[in-house]
Amino acid sequence: MSDSDYLPPPIPPQIQNQPPTLPALPLEETLEDREPVSGVLPAVEAILRQPRRILRQLRQEGHGSLIACLILIAVACSLVYGLVVGSFSRGDQLYQFWTAPVKIALGLVLSALICLPSLYIFSCLSGSPARLVEVFGVLAGVLALTTVLLIGFAPVAWVFSESTKSLPAISALHLFFWLVATYFGLRFLHTGFAHLGAKSNGGVKVWVVIFLLVALQMTTALRPIVGTAPTFLPAEKKFFVNHWFECLHD
Amino acid sequence: MGNDLNTLNLREIPTLLRGEPEPSNQAIQHCTPRRVWLYLAVIFAGAGIFGAGVGCWRGPLQALYTSVKLPLVLLLTTLGNAVLNGMLAPLLGLNISFRQSLTAILMSFTIAAVILGSFSPLLFFLLWNAPALGEKGDLSEGAHNLILVVQSLIIGFAGVASNLRLGQLLCRLSGSPIVARKILFGWLAVNLLLGAQLSWNFRPFVGAPGLPIEFLRKNAFEGNFFEIIFNAARHLLFH
């Protein structure tokens with residue numbers, strides 16, 4: 001049979017076992033959702049109270065400024081929370097106030113950038129027609145929400161920082177706060193994917209595991225974030241599980 | 001899609017990943033040389049970057065070699081089996097031309113290469129965190145095993161995802177899931193047969209610490225993959 005002989009079936013047959021479609025919330029449900037988000041503080045407010053507004057605007061023209069705002073929020077909040085993290089070692093001779101904030105902001109941004117290509121691929125595989133910039137926008141929203149929540153935890157973390165001398169204890173506390181904040185950030189990601197037209201969320205679940213592993217490893221790659229060291233980056237390479245066991249052992 | 005026939009359009013790649021029926025059918029029906037060039041470029045870029053990640057733990061030269069060899073293995077497997085795959089499709093119930101079967105397989109390798117490329121930052125991050133090769137006995141060996149497992153998982157995932165899309169495409173073209181499954185298994189079997197042997201000939205990819213870095217081993221064409229597996233199994237069971 002030649003090329004010209006072949007005619008595909010006029011109506012492509014339905015493929016069996018297609019994953020169920022996620023119930024995507026309508027984007028233009030209320031008038032409030034249509035209100036554009038402009039500026040850093042409205043963006044903070046919107047990501048906490050009306051995430052739908054953020055998601056809607058990410059699909060509109062001029063989403064660049066919103067994404068820039070979200071990244072700015074994420075970096076600024078990381079730096080502020082980093083000051084609280086670093087305050088644990090204030091009495092130490094090697095203490096430098098800027099290392100923990102820079103490492104936290106850097107780690108967060110690097111983790112997101114490392115995982116962005118795979119997130120985009122998973123979004124495509126799940127059937128979403130979202131462009132890379134939209135996926136990037138949702139990821140920026142995840143970072144912004146996570147770090148805004150960390151700011152909420154900052155006073156509590158500071159009180160504990162001032163009250164304990166145990167490095168593993170304060171590290172575990174920061175890790176716990178980060179996990180709680182990340183949980184809410186990732187909830188935003190799931191909502192975002194439903195809005196972006198993903199037909200299944202299996203890929204996102206796998207990606208979440210990858211992102212958590214990368215972020216946890218980043219804490220070891222940039223260690224010490226809590227505590228001090230003579231150099232900015234460690235000389236010895238380790239996986240985070242090894243590092244944690246060693247810290248607990250010490 | 002018709003207006004895109006003569007343009008090298010990278011936007012086709014996300015539609016391939018999503019498995020959108022209409023663009024995929026169009027790509028099969030109207031496979032222009034430019035589209036083939038696009039697929040080849042994506043395979044070289046995606047698999048090349050991943051290959052660089054695989055080889056870079058051993059050294060920069062190994063990274064360069066593997067970044068060339070990995071896409072070559074994919075392409076040579078596609079080309080080497082092109083005639084056989086083109087014959088298998090009609091024999092198993094789908095009347096598509098040789099060119100269409102070749103395009104379909106090229107599309108699936110393109111999807112795999114894009115996935116491999118997208119996971120490359122993760123692989124590089126893992127390697128950045130791994131102790132240098134041979135630095136510390138147990139730690140280095142543990143890291144080596146971890147890297148091999150992660151690489152295998154990524155390659156496995158890319159293979160599964162690309163074949164899933166290929167299966168869906170075949171299902172649409174044939175209108176029968178049974179025919180699609182038969183063809184997919186047929187193609188997979190022959191691609192595995194040739195791909196495994198080519199991988200053996202083109203070794204090393206990671207690069208063993210005790211051996212020199214070279215593009216091909218001096219005994220590259222001595223023995224075959226299945227013979228080695230058979231001998232290893234025999235050794236394991238009877239010694």
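Each residue is numbered by its place in its chain's sequence as written, counting from 1. Naming scheme: in the order in which they are written, chains are lettered from A and ligands are numbered from 1. With pLDDT at 70 or above as the cut-off, local features in this predicted model cover only qualifying residues; side-chain atom pairs require 80 or more to be listed or tallied, and sums for whole chains, interfaces and linings still use all residues.

Undergrad: Explanation requested: the overall build of chain A in the structure shown.
TA: Elements are defined by DSSP. Helices are runs of H or I of four residues or more, strands are runs of E of two residues or more, and each kind is numbered from the N terminus. For chain A, the count of helices and strands is nine helices and zero strands. Put simply, chain A runs from its N terminus to its C terminus through helices and strands in the order α-α-α-α-α-α-α-α-α. When burial is assessed residue by residue, chain A has 41% of its 250 residues classed as buried. We call two residues in contact if the C-beta atoms placed from their backbones are at most 7 Å apart. Considering only residue pairs separated by 6 or more positions, chain A has 71% of its internal contacts joining residues 24 or more positions apart. Remark: C-beta atoms are placed from the backbone, and a residue is labelled buried if 20 or more other C-beta atoms sit within 10 Å of its own, exposed if 12 or fewer do, or partly exposed between those counts.

Undergrad: Explain the overall build of chain B to me, please; I cannot follow it from the model alone.
TA: Counting its regular elements, chain B contains nine helices and zero strands. Taken from N to C terminus, the helices and strands of chain B fall in the order α-α-α-α-α-α-α-α-α. Only the C-alpha atoms count toward the radius of gyration. The rule for a globule is 2.2 Å times the residue count to the power 0.38. What you see for chain B is a C-alpha radius of gyration of 19 Å, in line with the 18 Å of a compact globule of 239 residues. Overall size of chain B, expressed as C-alpha extent along the three principal axes, is 55 × 40 × 30 Å. Each of the 239 residues in chain B was classed as buried or not, and the buried ones make up 40%. Sequence-distant contacts in chain B: of pairs separated by 6 or more residues, those separated by 24 or more amount to 73%.

Undergrad: Can you walk me through the interface of chain A and chain B in this structure?
TA: By convention, interface size is frequently given as the accessible area that disappears when the constituent parts associate. At the interface, 25 residues of chain A touch 26 residues of chain B. Elements with a minimum of two residues in the side of chain A that touches chain B: helix H5 (99–125) and helix H8 (202–221) of chain A. Per element, the largest residue contribution to the side of chain A that touches chain B is seven residues, and it comes from H5(A). By the convention adopted, Pro, Cys, Tyr, Trp, Phe, Met, Ile, Leu, Val and Ala count as nonpolar, Lys, Arg, Asp and Glu as charged, and the other residues, Gly among them, as polar. Looking at the side of chain A that touches chain B residue by residue, the classes come out as 18 nonpolar, five polar and two charged.

Undergrad: What is the right way to read the environment of A:Asp92 from this model?
TA: All names here are of chain A. With respect to the helices and strands, Asp-92 occurs in the loop between helix H4 (63–86) and H5. Of the residues examined, Asp-92 has 10 C-beta atoms within 10 Å and is grouped as exposed. When the C-alpha atoms of Asp-92 and His-195 are compared, they prove to be 48 Å apart, with 103 residues separating the residues in sequence.

Undergrad: Is there a simple way to explain the confidence of the model for chain A in this structure?
TA: Predicted coordinates in areas of low pLDDT are best not read in detail. Residues and elements named next belong to chain A. Predicted confidence across chain A gives a mean pLDDT of 83, with 87% of residues reaching 70 or more. When pLDDT is averaged over each helix and strand of chain A, the minimum, 69, is found for helix H1 (residues 31–34) and the maximum, 94, for H5. Long-range and interchain partners of residues 1–25, a stretch whose pLDDT sits below 50, account for 32 contacts in this model, where long-range means more than four residues apart. Scored from 0 to 100, pLDDT reflects the predictor's confidence in each residue.

Undergrad: Which parts of the structure should I look at to understand unusual backbone geometry?
TA: A negative phi angle is the norm for most residues apart from glycine, just as the trans form is the norm for most peptide bonds. The linkage connecting A:Arg223 with the following residue, A:Pro224, adopts the cis geometry, with an omega of -5°. One can find A:Pro224 in the loop between H8 and helix H9 (240–249).

Undergrad: Sorry, what's going on with the environment of A:Asn201 here?
TA: Mapped onto the elements of the fold, A:Asn201 is located in the loop between helix H7 (167–195) and H8. Spatially, the C-alpha atom of A:Asn201 lies 28 Å from that of A:Leu106, the residues being 95 residues apart in sequence.

Undergrad: In this structure, what is going on with helix H3 (residues 51–58) of chain A? I would like to understand it.
TA: Side chains that are three or four residues apart share a direction in an α-helix, a result of its 3.6 residues per turn. Among the eight residues that make up H3(A), seven are buried, leaving the element largely enclosed by the rest of the structure. Within H3(A) the residues assigned to the buried category are A:Arg52, A:Arg53, A:Ile54, A:Leu55, A:Arg56, A:Gln57 and A:Leu58.

Undergrad: Before we go on, may I ask you to explain the confidence of the model for chain B in this structure?
TA: Residues and elements named next belong to chain B. This prediction gives chain B a mean pLDDT of 85; 92% of its residues lie at or above 70. Of the regions scoring below 50 in pLDDT, residues 1–6 engages in seven contacts with residues more than four places distant in sequence or in other chains. Here the predicted complex scores 0.79 on pTM and 0.72 on ipTM.

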